[in-house]
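Reading the structure
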There are 2 protein chains.
Amino acid sequence: MSTNPAKPSMRDSLVAAAFQLFLERGYEQTTIDDIVRTAGVGRRSFFRYFPSKEDVVFPDHEQSLADMTAFLAASEDSDDPLVRVCEATRLVMRMYAENPTFSVQRYRLTREVTGLRTYELSVVWRYEKTLGDYLRTRFADRRDGTLRANVVAAAVVAAHNHALRHWLRSGGQGDPLAEVDRALAFVRETWSPDAGPAGPAGEQETDDVVVVIAKRSTPMWRVVREVEASLGDS
Amino acid sequence: MSTNPAKPSMRDSLVAAAFQLFLERGYEQTTIDDIVRTAGVGRRSFFRYFPSKEDVVFPDHEQSLADMTAFLAASEDSDDPLVRVCEATRLVMRMYAENPTFSVQRYRLTREVTGLRTYELSVVWRYEKTLGDYLRTRFADRRDGTLRANVVAAAVVAAHNHALRHWLRSGGQGDPLAEVDRALAFVRETWSPDAGPAGPAGEQETDDVVVVIAKRSTPMWRVVREVEASLGDS
């Protein structure tokens with residue numbers, strides 16, 4: 001869906017007509033013929049934009065996947081790979097955030113129609129693969145590079161989807177980009193404990209962190225001494 | 001597929017007939033009528049065991065999901081949740097390992113047929129959800145419990161699938177359980193650096209460790225309180 005209201009394209013009209021009908025009479029009960037009739041276009045126009053009825057439900061993922069791929073391809077070797085995949089994942093959330101009403105309507109539809117849930121799983125898998133491909137290249141010199149790439153990509157996607165789901169369930173209230181940043185911060189802190197909070201580049205916190213690791217049997221006075229010694233380093 | 005060769009059930013015969021035909025003439029070209037004719041049973045018998053043609057390709061996942069759910073339900077509060085989900089995930093690998101030839105044939109089939117890949121994604125999602133549900137319960141008292149549960153479940157599934165894919169691509173050579181243990185060890189070391197090597201239960205280290213992370217500016221009394229609170233959990 002274009003975000004430019006001045007220029008509703010034929011593609012936008014088809015999406016709008018489809019959602020109007022899905023909400024009115026249900027997804028299964030709506031045919032492609034119904035959609036083109038409501039949009040006032042021919043049947044062939046539908047298939048010029050969408051391979052199937054399922055695709056009209058997710059009109060922006062192809063563009064979003066292309067944007068993610070281009071963003072990752074434009075990475076420099078000096079970019080932290082974990083930061084980069086988190087930023088790439090923000091692009092997806094930004095797509096959802098651009099149109100909260102539509103995103104929430106689609107979420108409800110997807111909960112009801114098994115075929116759409118399955119479609120969504122395959123889209124999620126493509127995002128995860130795109131992130132994993134990039135990370136595999138960046139981790140190529142590590143012994144566990146492929147495994148690490150796959151696990152980190154899955155974790156990033158899970159964190160994104162956690163935030164997305166929470167926002168969609170709330171009916172699209174609040175700031176989804178802040179939510180996804182909080183969730184991605186968990187992943188970044190997992191693998192780059194010194195990276196600071198997630199978020200747009202340049203927002204690193206300066207306040208650094210002390211980590212004390214002690215066996216449970218360690219007496220408290222020793223723990224305090226260790227903490228004091230660490231603090232003394234500053 | 002039963003592993004008891006003495007008692008080939010009607011269900012086993014249907015699976016065997018289906019795979020014989022899928023390999024001979026291709027998945028799409030095989031009808032359910034072809035399968036029941038080859039197995040020498042009636043059409044209704046097929047649907048007694050399998051809702052669709054896709055389900056006959058994955059005859060063991062329902063049992064495997066039920067085994068995983070039961071295994072997790074039998075957990076004690078003293079079980080390390082991360083160790084427990086890794087062991088639950090080993091059960092799935094064990095299912096694949098029981099019949100390498102069948103697993104490799106199915107893997108090749110799944111690469112070729114889009115509908116089967118999609119089916120597989122929905123099965124993987126159900127495993128991930130099962131692990132996530134368990135972890136959400138176990139992490140319920142943590143502020144980031146739900147997020148942590150979702151991310152850890154995704155990481156465990158990704159590690160398992162990494163090992164599984166590697167083994168299947170090799171044509172089922174080597175020890176898949178050793179491979180999955182290596183992959184799961186990466187996840188365990190990520191979130192429980194002191195957990196020791198992954199593997200079957202009973203290899204836990206006994207002297208556990210308290211980790212306190214604090215901003216450098218945290219006053220000492222707050223650090224001590226956090227340490228005391230953590231020690232108090234024992």
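Keep in mind that what you see is a predicted model, and the values were worked out from it rather than measured. (Residues numbered from 1 in each chain as written. Chains lettered and ligands numbered in written order. Predicted model: local features only at pLDDT ≥ 70, side-chain atom pairs only at ≥ 80, totals over all residues. Heavy atoms only, no water.)

Scanning chain A from N- to C-terminus turns up 11 helices and one strand. Reading chain A from its N end, one meets helices and strands in the order α-α-α-α-α-α-α-α-α-α-β-α. Across the 234 residues in chain A, those meeting the buried criterion constitute 48%. Contacts in chain A between residues at least 24 apart in sequence constitute 61% of all its contacts with a sequence separation of at least 6. (Helix = DSSP H or I, 4+ residues; strand = E, 2+ residues; numbered from the N terminus. Buried < 20%, exposed > 50% of the residue type's maximum accessible area, 1.4 Å probe, protein only. Contact = heavy atoms within 4.5 Å.)

Take the environment of Phe50 of chain B next. Residue and element names in this part refer to chain B. With respect to the element layout, Phe50 can be found in the loop between α3 (43-49) and α4 (53-57). The exposure class assigned to Phe50 is buried, which follows from its relative accessible area of 2%. Between the C-alpha atom of Phe50 and that of Leu14, which follows or precedes it by 36 residues, the distance is 9.5 Å.

This next bit is on the pattern of salt bridges. Inspection of every chain in the model, using the stated rule, returns 22 salt bridges over all chains. In this structure, the salt-bridge partner of Asp144 of chain A is Arg142 of chain A, at a minimum N-O distance of 3.9 Å. Classification of Asp144 of chain A as partly exposed rests on a relative accessible area of 22%. In this structure, the salt-bridge partner of Arg111 of chain B is Glu120 of chain B, at a minimum N-O distance of 3.0 Å. Beyond isolated ion pairs, a larger network of salt bridges with shared partners links Arg25, Asp34 and Arg37 of chain A. (Salt bridge = Lys/Arg side-chain N within 4 Å of Asp/Glu carboxyl O.)

Angle between the axes and distance between the axes are the two parameters that describe a pair of packed helices. Residues and elements named next belong to chain A. Orientation of helix α5 (residues 61-73) relative to helix α8 (residues 114-138), taken along the N-to-C sense of each, is 5°, at an axis distance of 10 Å. Between α5 and α8, the interaxial angle falls into the category roughly parallel. On the side of α5, the interface is formed by His61, Glu62, Ser64, Leu65, Met68, Thr69 and Leu72, while α8 contributes Val123, Arg126, Tyr127, Thr130, Leu131 and Tyr134. For the contact of α5 with α8, a count of residues per class yields seven nonpolar, four polar and two charged. (Axes fitted to C-alpha atoms, helices over the stretch in contact; angles between N-to-C directions. Parallel < 35°, antiparallel > 145°, perpendicular 65-115°, else oblique. Nonpolar A, V, L, I, M, F, W, Y, C, P; charged D, E, K, R; others polar.)

In this section: the UniProt feature "DNA-binding region" (unreviewed entry) in chain A. Residues annotated by UniProt as "DNA-binding region" (unreviewed entry) correspond here to residues 31-50 of chain A. Annotation note: span residues 31-50 of chain A, helix share 75%, strand share 0%, distance between end C-alpha atoms 14 Å. (UniProt positions renumbered as here; feature names shortened; annotations may be inferred.)

This part takes up helix α1 (residues 10-25) of chain B. Residues and elements named next belong to chain B. Over its 16 residues, α1 runs 22 Å from end to end, which matches the ideal 22 Å to within 8%, given 1.5 Å per residue. Among the residues of α1, Asp12, Leu14, Val15, Ala17, Ala18, Phe19, Leu21 and Phe22 are the ones counted as buried. Remark: Gly26 follows α1 within two positions and exhibits a positive phi of approximately 95°. (Expected span 1.5 Å × (residues − 1).)

This paragraph deals with the confidence of the model for chain A. Across chain A, the average pLDDT comes to 87, with 79% of residues at or above 70. Low pLDDT, under 50, characterises residues 196-206 of chain A; the predicted model gives this stretch 20 contacts beyond four residues in sequence or across chains. (pLDDT = per-residue confidence, 0-100.)

Residue and element names in this part refer to chain A. When the terminal C-alpha atoms of helix α6 (residues 81-97) are compared, their 24 Å separation across 17 residues agrees well with the 24 Å that a helix rising 1.5 Å per residue should span. Across the 17 residues that make up α6, a large majority, 14, are buried. With a side-chain oxygen positioned 2.8 Å from the backbone nitrogen of Leu82, the residue opening α6 is Asp80. (Polar contact = N/O pair within 3.5 Å; in protein donor to acceptor, adjacent residues only side chain to side chain.)

Turning next to the environment of Ser9 of chain B. Residue and element names in this part refer to chain B. Mapped onto the fold, Ser9 is located in the segment before α1. Here Ser9 falls in the partly exposed class, since its relative accessible area comes to 30%. Polar contacts involving the side chain of Ser9 include one to the main-chain amide nitrogen of Asp12, which spans 3.0 Å.

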